[in-house]
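Structural characterization, general
The chain contents come next:
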Amino acid sequence: VECMFVTVGTTSFNDLIACLSAHDSLQIIKSLGYDRLILQIGRGTVAPEPFSTESFTLDVYRYKDSLKEDLQKADLVISHAGAGSYLETLEKGKPLVVVINEKLMNNHQLELAKQLHKDGYLFYCTCRASETQTVAQMGCQRCRLGL
């Protein structure tokens, strides 16, 4: 089972959740070999309907006491730019794509993401539709590169 885990922590990041749960995005995610997508949606108002078919499962939840279990299951993690979320992911050695939420643009988020990208730890992008469609592909490329 190839699993992609998306986390927004305690925040709200409707654009990211909406983008990754859109029909086209789910098709891309499936075509990349993933058969499970777990969305941790925090306090967002976009709450996709979970579903399960023979070939694909979408799990959705707001909060858990710990993300440890989902991080362990994940073959790729897509995270908001919260330092706690990505430090926990990097500690587990998981491939990581950080998506910057420009709506609550704190420059330090972008600075930290840029630096960690430069050091080879992660990919980052913003949540513009044109970029986000490549998020999963970048993550897969990163897995193959063994970064």
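Residues numbered from 1 in each chain as written. Predicted model: local features only at pLDDT ≥ 70, side-chain atom pairs only at ≥ 80, totals over all residues. Heavy atoms only, no water.

With respect to the environment of glycine 44
Summarising the element assignment, glycine 44 is placed in the loop between strand 2 (36-40) and strand 3 (51-52). Spatially, the C-alpha atoms of glycine 44 and asparagine 14 are 5.6 Å apart, while their sequence positions differ by 30 residues. Discounting chain neighbours no more than four positions away, the residues touching glycine 44 are Thr11, Ser12, Asn14 and Arg62. (Helix = DSSP H or I, 4+ residues; strand = E, 2+ residues; numbered from the N terminus. Contact = heavy atoms within 4.5 Å.)

Quick notes on empty space enclosed by the protein
With the rule as written, the count across this model stands at 2 cavities of 30 Å³ or more. Quantified by volume, the largest cavity comes out at close to 40 Å³. Considering the residues around the largest cavity, the lining is formed by Thr11, Ser12, Phe13, His80, Ala81, Asn101, Leu104 and Gln109. (1 Å grid on protein atoms, 1.4 Å probe; cavity = no way out; pocket = protein on both sides within 12 Å on 5 of 7 lines; lining within 4 Å. Points joined across faces, edges and corners; volume = space filled by probe spheres on them.)

Description of the sheet that holds strand 5 (residues 76-80)
Through backbone hydrogen bonds, the strands of a sheet pair up, either in parallel or in antiparallel fashion. Strands sit in the order 3-4-2-1-5-6-7 across an open sheet of 7 strands; the sheet is mixed. Looking at which strands have only one partner, the edges of the open sheet turn out to be strand 3 and strand 7 (123-126). Bridge analysis of strand 2 against strand 4 (residues 57-61) gives 5 bridges, and the strand direction is parallel. Bridged to arginine 36 within strand 4 is threonine 57. Packed on one face of the sheet, helix 1 (residues 14-21) meets strand 1 (3-7), strand 2, strand 5 and strand 6 (96-100) and runs near 165° to strand 2. The strands touched by helix 4 (residues 83-91) are strand 1, strand 5 and strand 6; relative to strand 5, the strand with the most contacts, the crossing angle is about 160°. (Pairing = 2+ DSSP bridges. Axes fitted to C-alpha atoms, helices over the stretch in contact; angles between N-to-C directions.)

It is worth stressing that arrangement in space is one thing and function is another; only the former is reported here.
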